[in-house]
Amino acid sequence: GQFGWKYGIASTWVGIGNALIGSLAAWVVLGRRTRIMTQHLDSATMPQFFEKRFSSPALKIASSAIIFIFMIPYTASLFNGLSRLFEMAFGIDYSICVIVMAVLTGIYVVAGGYMATAINDFIQGIVMIIGIIAVVGAVLASQGGLVSAMSSLAEITDPSTTMKGAFASFFGPDPLNLFGVIILTSLGTWGLPQMVGKFYAISSEGAVNKGKTISTVFAIIVAGGCYFLGGFGRLFATSEQVAEFGYDFIIPNLLSTLPDVLIGVVIVLVLSASMSTLSSLVLASSSTLTLDFIKGTFVKDMKEKTQVLLMRILIVVFIAISVVIAIIQYRGGIAFIAQMMGISWGAMAGAFLAPYLYGLYWKKVSKISVWVNFAFSLVVMLLCVLAPQTLPAILRSPINAGAFCMIAGLIIVPVVSLFTPKPDKELVDGCFACYTKKVLVEQRSSLGEEEEVVNA
């Protein structure tokens, strides 16, 4: 809703970026190498990867703390959006909606674990595809079709731009900030532990090809459809309403114009999207805190049953904290959903993206460069939240600040690595040995270097 209001139909580029950069390119660049090296290093989480790749238990502790802390505003933003929709549809108090959603998520994540979450996500994904197609079609039909809706959008003016037809144009009224959103939401997935985690479970070469195809098509339909839908937000909300109720009012108000049957579809759609994301977030945060922070740091030898019990307890704690923040945010109007997401993504992806990416491909990444990048991203994002006036105007938005941290990290890590002590050669060669290991494959997968021609 916020992006559609600011950039009009051009916000669809965000969904396209999510599909091509956040899904397809991520599978191509990260998928196979992540699976090979993480299995070789016996690392089940991103903090464990940092520990073993750079031989630094301190990096594991620092990264696990970053994940747990900055997962919370992202989870709170999901509770926020979901509960606003339920409040609109059923007239139920926002706080009650948040608590009920939290209890439901907690029950099926705690009771079911990883596989139950994966199966749920699959089913919810199908619901999302059907739902977004139905909703986009209904919204356009309510405006007389695509051409009529685009014409109405082109007639809208705003004091923020002198461009005619800005909200129906190809790049919108503010291409630079739009680019920042694309970078944050697309490239950002490369450095988020809950996104990268799926690569650890790749079972075969065929799974890589299936994964990148399915996830890309899914993202084009769902992410592309959502941002395309948001682009028409100005047809369903006035500037006065947005000024009074905020950007988070736009989409619920748009959906309230739909027939009751479609509102039901939307409820299931958003519930599926939110709960699938919530489950992956709470699993990532609780497992990280248990396996990477508490185990080996405070409790040296922790039995497997104890680990599982502690993870379940931390899931409940994590959800409870997120619920409190979501309620406070709603009552106090502290930040909009997109800003809360920007804080979370910016801090985590800004800190992790460059060290993780270079760590998979480049032997010369130094431990100090990783620490410098962690510190840089955290300082920028904390300043953006606590003292935005200290930053240039363009970086006072958490979305732009997060995108800036990610891009800056891609420069910081190699530059600092060139001027700091080189990593231990034996350690690095041991990490990268997995890529040169010889494997046998069936002939239908590879012809090989030399083939004999046999004449029947």
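Think of each chain on its own: its residues are numbered from 1, step by step along the sequence as written. Totals for whole chains, interfaces and linings use every residue, but because this is a predicted model, local features are given only for residues with pLDDT of at least 70 and side-chain atom pairs only at 80 or more, for both listing and counting. The side-chain quantities take in all heavy atoms of the structure and omit both hydrogens and water.

**A word on helix α9 (residues 205–230)**
- Secondary structure elements follow DSSP: runs of H or I of four or more residues count as helices, runs of E of two or more count as strands, with numbering from the N terminus. Expected helix span is given by 1.5 Å per residue-to-residue step, counting one fewer step than there are residues. End to end, α9 covers 37 Å across 26 residues, agreeing with the expected 38 Å (1.5 Å per residue, within 8%).
- Here the bend at each residue means the angle between axes fitted to two seven-residue stretches, the one ending at that residue and the one beginning there. When the local axis directions of α9 are compared, the greatest deviation, roughly 30 degrees, occurs at Ala 219.
- A simple rule labels every residue: compare its accessible area, found with a 1.4 Å probe on the protein chains alone, to the largest value its type can have, and call it buried under 20%, exposed over 50%, or partly exposed in between. Of all the residues in α9, the buried ones are Val 208, Gly 211, Ser 215, Thr 216, Ala 219, Val 222, Ala 223, Gly 224, Gly 225, Tyr 227, Leu 229 and Gly 230.

**With respect to the confidence of the model for the chain**
- Residue-level confidence of the predictor is summarised by pLDDT, bounded by 0 at the bottom and 100 at the top. Considering every residue of the chain, the mean pLDDT works out to 84; 91% of them sit at 70 or more.
- When the elements of the chain are averaged for pLDDT, helix α12 (residues 260–294) gives the smallest value, 73, and helix α15 (residues 367–386) the largest, 94.
- Working rule for contacts: check all heavy atoms of both residues, and any pair within 4.5 Å makes them a contact. A low-confidence stretch, residues 450–456 (pLDDT under 50), is modelled with one contact involving residues beyond four sequence positions or located in other chains.

**A closer look at the pattern of salt bridges**
- The rule for a salt bridge is simple: a side-chain nitrogen of Lys or Arg has to be within 4 Å of a carboxyl oxygen of Asp or Glu. Overall, the coordinates contain four salt bridges when judged by the stated rule.
- With a shortest N-O distance of 3.1 Å, Asp 158 and Arg 234 are connected by a salt bridge. Of this pair, Asp 158 sits in the loop between α6 (146–154) and α7 (175–186) while Arg 234 sits in the loop between α9 and α10 (239–245), and the two are 76 residues apart along the sequence. Each member of the pair, Asp 158 as well as Arg 234, carries the same accessibility label: buried.
- Salt bridges sharing common partners tie together Lys 363, Lys 425 and Asp 429.

**Digging into the packing of helix α3 (residues 46–54) against helix α17 (residues 425–432)**
- The N-to-C vectors of α3 and α17 enclose an angle of 130 degrees; their axes lie 9 Å apart at closest approach. Between α3 and α17, the interaxial angle falls into the category oblique. Facing Lys 52, Arg 53 and Phe 54 of α3, the residues of α17 in contact are Leu 427, Val 428, Cys 431 and Phe 432.
- Classifying every residue of the contact of α3 with α17 by side-chain character gives five nonpolar, no polar and two charged. Between N-to-C directions, angles span 0 to 180 degrees; the directions come from axes that are lines fitted to C-alpha atoms, helices contributing only their stretch in contact. The cut-offs work like this: below 35 degrees is roughly parallel, past 145 is roughly antiparallel, 65 to 115 is roughly perpendicular, and the gaps in between are oblique. Polar here means any residue other than Ala, Val, Leu, Ile, Met, Phe, Trp, Tyr, Cys and Pro, which are nonpolar, and Asp, Glu, Lys and Arg, which are charged; Gly is therefore polar.

**Some words on the layout of surface pockets**
- Buried and open spaces are told apart on a 1 Å grid over the protein atoms alone, a cavity being a set of points where a 1.4 Å probe fits but cannot get out and a pocket being an open set with protein on both sides within 12 Å along at least five of seven lines. Residues with an atom within 4 Å of a point are the lining residues. Grid points are joined across faces, edges and corners, and a volume is the space filled by probe spheres set on the points. The space that makes up the second largest pocket amounts to roughly 630 Å³.
- In terms of lining, the second largest pocket is formed by 18 residues, of which the most central are Arg 32, Ile 36, Glu 205, Val 439 and Val 441.
- Those elements that place two or more of their residues in the lining of the second largest pocket are α2 (12–41) and α9.
- Considering every element that reaches the lining of the second largest pocket, the biggest residue donor is α2, with four residues.
- The class makeup of the residues in the lining of the second largest pocket is nine nonpolar, five polar and four charged.

**Side note on unusual backbone geometry**
- The phi torsion at Asp 42 lies on the positive side, around 55 degrees, for a residue other than glycine.
- Classification of Asp 42 as exposed rests on a relative accessible area of 59%.

**Side note on the nonpolar core**
- Within the largest apolar cluster, 121 residues are counted, with the highest numbers of intra-cluster contacts made by Phe 50, Phe 79, Leu 258, Phe 352, Tyr 356 and Phe 374.
- What Phe 50 contacts, discounting residues up to four positions off in sequence, is Ser 55, Leu 59, Ser 63, Phe 352, Pro 355, Tyr 356 and Phe 374.
- Here, the term nonpolar core denotes a set of buried Ala, Val, Leu, Ile, Met, Phe, Trp, Tyr and Cys residues that are joined through side-chain atoms within 4.5 Å. In terms of nonpolar packing, the next biggest core, distinct from the first, is built from five residues, Trp 5, Ala 237, Phe 249 and Ile 250 among them.

**Points about empty space enclosed by the protein**
- Across all of its chains, the model carries one cavity of 30 Å³ or more by this definition.
- Taken together, Gly 22, Ala 26, Leu 30, Thr 189, Trp 190, Met 195, Val 196, Lys 198 and Phe 199 form the lining of the largest cavity.
- Of all the secondary structure elements, the ones that give two or more residues to the lining of the largest cavity are α2 and α8 (193–200).
- Sort the elements by how many residues they give to the lining of the largest cavity and α8 lands first, with four residues.

**Remarks on the environment of Gly 188**
- Tracing the sequence through the fold places Gly 188 in the loop between α7 and α8.
- Here the alpha-carbon distance between Gly 188 and Gly 350, two residues 162 residues apart in the chain, equals 7.7 Å.
- Ignoring sequence-local partners within four residues, the contact set of Gly 188 consists of Ile 183, Trp 345, Ala 349 and Met 406.

**Quick word on a nonpolar patch on the surface**
- On the surface, a nonpolar cluster with roughly 630 Å² of combined accessible area is contributed by Phe 179, Ile 407, Ile 411, Val 415, Leu 418 and Phe 419.
- Ranked by the residues each element gives to the nonpolar patch, the list is headed by helix α16 (residues 398–418), at four residues.
- Positionally, Phe 179 belongs in helix α7. What goes into a patch is any residue over 30% in relative accessible area without a salt bridge, connected to like charges within 9 Å or, for nonpolar side chains (Val, Leu, Ile, Met, Phe, Trp, Tyr), within 5 Å. What sets the accessible areas is the Shrake-Rupley method with a 1.4 Å probe; for residues, cover comes only from the shown protein chains.

**Here we look at the packing of aromatic side chains**
- Two aromatic rings from Phe, Tyr or Trp, using only the six-membered ring of Trp, form a pair when their centres are within 6.5 Å; if the ring planes differ by under 30 degrees the pair is stacked, by over 60 it is edge-to-face, and anything between is tilted. The tally for this structure, following the rule as stated, stands at 17 aromatic pairs.
- For the ring pair Trp 13 and Phe 171, a centre distance of 6.0 Å and an interplane angle of 10 degrees mean the geometry is stacked. Here the residue Trp 13 occupies a position in helix α2, and Phe 171 occupies one in the loop between α6 and α7, the gap between them amounting to 158 residues.
- Trp 13 gets classed as partly exposed once you look at its relative accessible area, which sits at 29%.
- Chaining the aromatic ring pairs together yields one cluster made of Phe 49, Phe 50, Phe 54, Phe 352, Tyr 356, Trp 371 and Phe 374.
- Stacked on the ring of Tyr 435, the Lys or Arg Arg 33 has its end atom at 3.9 Å from the ring centre.
- Geometrically, a charge over a ring is one whose NZ (Lys) or CZ (Arg) sits within 6 Å of the ring centre while staying within 35 degrees of the ring normal. One Lys or Arg, Lys 198, reaches over the ring of Phe 199 and ends 4.8 Å from the middle of that ring.

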